[in-house]
Amino acid sequence: MINQVGRDIPDVYLKDGVEPFQGIYYRDDYEYTKAAPTVHAYVKPNGDKLVDSIHDVLIKSGLKDGMTISFHHHLRDGDFVVNLVMKEIHKLGIKNLTVCASSLGRAHNYLVPCIEDGTVTGISTSGIRDEIGEVISAGKLKHPAIIRSHGGRARAIEDGSVKIDVAFIGASTSDAYGNASGKGGQSDTGVLSYADGDAKYADKVVIITDKIVAAPNFPASIKGVDVDYVVKVDSIGDASKIASGALRLTKDTRELNMAKEVAKCMYHSGYFKNGFTFQTGAGGSSLATTSFLKAYMAKDNIKCGWAMGGITEPIVNLFNEGFVNKVLDDQAFDLAAVASAHTKGHFEISASQYANPFNKGAFVNQLNFVILGALEVDTAFNVNVVQGSNGVLRGAPGGHPDTAAGADVSIIVAPLIRSRMPTVRDRVTSVTTPGESIDIVVTDYGVAVNPKRQDLLKAFADTDIPLKTIEELRDLAYQYAGKPEPVEFDDQVVALVEYRDGTIIDVIRKPKRLNYSQKALDKF
Amino acid sequence: MKIKTQAVAGTLESSDAQVMILPNSSGLKITLDSSVYDQYGKHIIALAEQTAKTLQLEDATVKIVDKGALDCTIKARIETAFYRAIDQQSGLPWEVL
């Protein structure tokens, strides 16, 4: 069936209530009954949650073939937890597992042999890149991977689309009863936002930490009342790869010029008022936008009510300097953000509070501005942030579709051409975020406003913002790079791109010319 | 034009191409390894053939390793490698380049 963004979704995936994408607010007012976990009560006061090893906790948890396990990605590229757990599962010979991860990256590469030998046959994730992107692109995972945004994952857990049997939650500190936090250990992550739903909705909840502290470990991101077991391991992560030092602000003229235009668009949009709210990513241009924004705020004596998202040092600096009143944090990207988390005015929010479309109003709904990246944008303003132009999975929706749908003004910032690949083109390789939710596209060759935002076009008319139509941007890209020939795909569907409301916005097939060689197990 | 020596131009940086020209006794051979092979491979090979023809480059192997360079870059790298390979450092025919 052809869905609302013109993508052909095979009927075989449209069953058991799964529908094709039908517009960003299609499920407004949707009524459902929340899922609930099956819980084992700890009645006796002398119960002991501490377990000696991951092997032992796998046995105690009753993990068996066909179950669903979950992980979060706050340890980012420094994560040891996923590989530690998967190695023990592999040794036990448990098969047919579904991994429901908030995101996956290069630190989780032990999943690759697990996918190849059928230990893992299903995956739900936001990030799908590096070796994991390759193995899934090559069609080695038995069932198509489900790519979910951060809000979409929170929704899927709460509405019961995903039932987690055992959640493994890495935490930098925990007390013996499982009150766990991302602060205070040697592997600090600041917040544990993406694990909140896992702890509340999984049947069994396991905290994996490398530092047991005295009770109560407050403020506890994960509450001990939700936790079955606590395992202490030598190390849950490589601190140097969890939160990097200061992300250097770009000196790239192209990125700085784009950042300047982004800030200018915000300034002239009509939404730049005292108490405004915004979210920005960690990419070069997005980060640089904060310094131009600061200049506008100082000039007009305007303060930001709150900044949200993956938090970075530039945001923390604006907060400390009084330009930003409050910080809502769902992920800490660098050491400054980790250190600032849980200080006065810097609040941790859960993935559901952040972006879930099915709760009673997530913070994304209250955003004035969001600044986002793109691998590709098409002339209908649809954005791809998941699949490379060569067809291989190499990205992550993260909060992209969620914030774009929620914010008053969603701004894409991307160079017109990257290594010859036109960013703006006739048709994106796959749709992650529908054009209906994208308002402005800022490139190094001009700024395109979605024609449905006549208010913004009017507001920008008398400014020096270099306005172009999206078709003009595409034509420029094709003029410099040439029109790309379409990449050929096999029929095999390797991943489903789920929109945040659970409808299917696109399917991703196996690229025809993909060379994939099996990864030798002895590499690990 | 006969190639005197093996020569190289360009880098493996993103948006550049590295072109190596080697002597070959049996005609012109072009090989392409490109980060955008699927989308622009045929076009780049046609461009290289056209450039070689303009330069009257014969009996040579042209190895192109492309990292997403635009046409102007690829052409310039081939031309530079060519003039290095025939050891011509001055009096370049700019009007045909």
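Residues numbered from 1 in each chain as written. Chains lettered and ligands numbered in written order. Predicted model: local features only at pLDDT ≥ 70, side-chain atom pairs only at ≥ 80, totals over all residues. Heavy atoms only, no water.

1. Let's talk about the nonpolar core
Core analysis: the biggest nonpolar cluster contains 123 residues, and Ile69, Met86, Ile136, Phe168 and Ile208 of chain A together with Ile21 of chain B have the highest contact counts within it. Split by domain, this core shows at least three residues from each of two domains, domain 1 (47–242) and domain 2 (253–481) of chain A. For phenylalanine 168 of chain A, the contacting residues outside a window of four places in its chain are Val57, Leu58, Ile69, Ser70, Phe71, His72, Val85, Val206 and Ile208 of chain A. Counting 39 residues, the second-largest nonpolar core is a separate cluster that includes Tyr267, Cys304, Phe323 and Ala332 of chain A. (Core = buried A, V, L, I, M, F, W, Y, C linked by side-chain atoms within 4.5 Å. Buried < 20%, exposed > 50% of the residue type's maximum accessible area, 1.4 Å probe, protein only. Domains from an automatic or database assignment. Contact = heavy atoms within 4.5 Å.)

2. Considering the sheet that holds strand β2 (residues 17–23) of chain B
All names here are of chain B. Pairing in this open sheet of four strands is mixed, and the strands run β1-β2-β4-β3 from one edge to the other. Every interior strand has two partners, whereas the edge strands, β1 (7–9) and β3 (28–34), have only one. Put simply, the sheet's adjacent strands are angled 15° from each other on average, direction ignored. Strands in contact with helix α1 (residues 37–55) are β3 and β4 (60–66); relative to β3, the strand with the most contacts, it is inclined by about 150°. (Pairing = 2+ DSSP bridges. Helix = DSSP H or I, 4+ residues; strand = E, 2+ residues; numbered from the N terminus. Axes fitted to C-alpha atoms, helices over the stretch in contact; angles between N-to-C directions.)

3. Observations regarding the UniProt feature "modified residue: O-(phosphoribosyl dephospho-coenzyme A)serine" (unreviewed entry) in chain B
Under the UniProt annotation, the feature "modified residue: O-(phosphoribosyl dephospho-coenzyme A)serine" (unreviewed entry) is placed at Ser14 of chain B. When near neighbours in sequence (up to four residues on either side) are disregarded, serine 14 of chain B contacts Ser419 of chain A together with Lys67 of chain B. (UniProt positions renumbered as here; feature names shortened; annotations may be inferred.)

4. Side note on helix α4 (residues 130–137) of chain A
All names here are of chain A. Residues of α4 that are buried include every one of Ile132, Gly133, Val135, Ile136 and Ser137, and no others. Check the buried side of α4 and you find it contacts α3 (111–116), β4 (120–125), β5 (145–147), β25 (489–498) and β26 (504–511). The first or second residue beyond α4 is glycine 139, which carries a positive phi of 80°.

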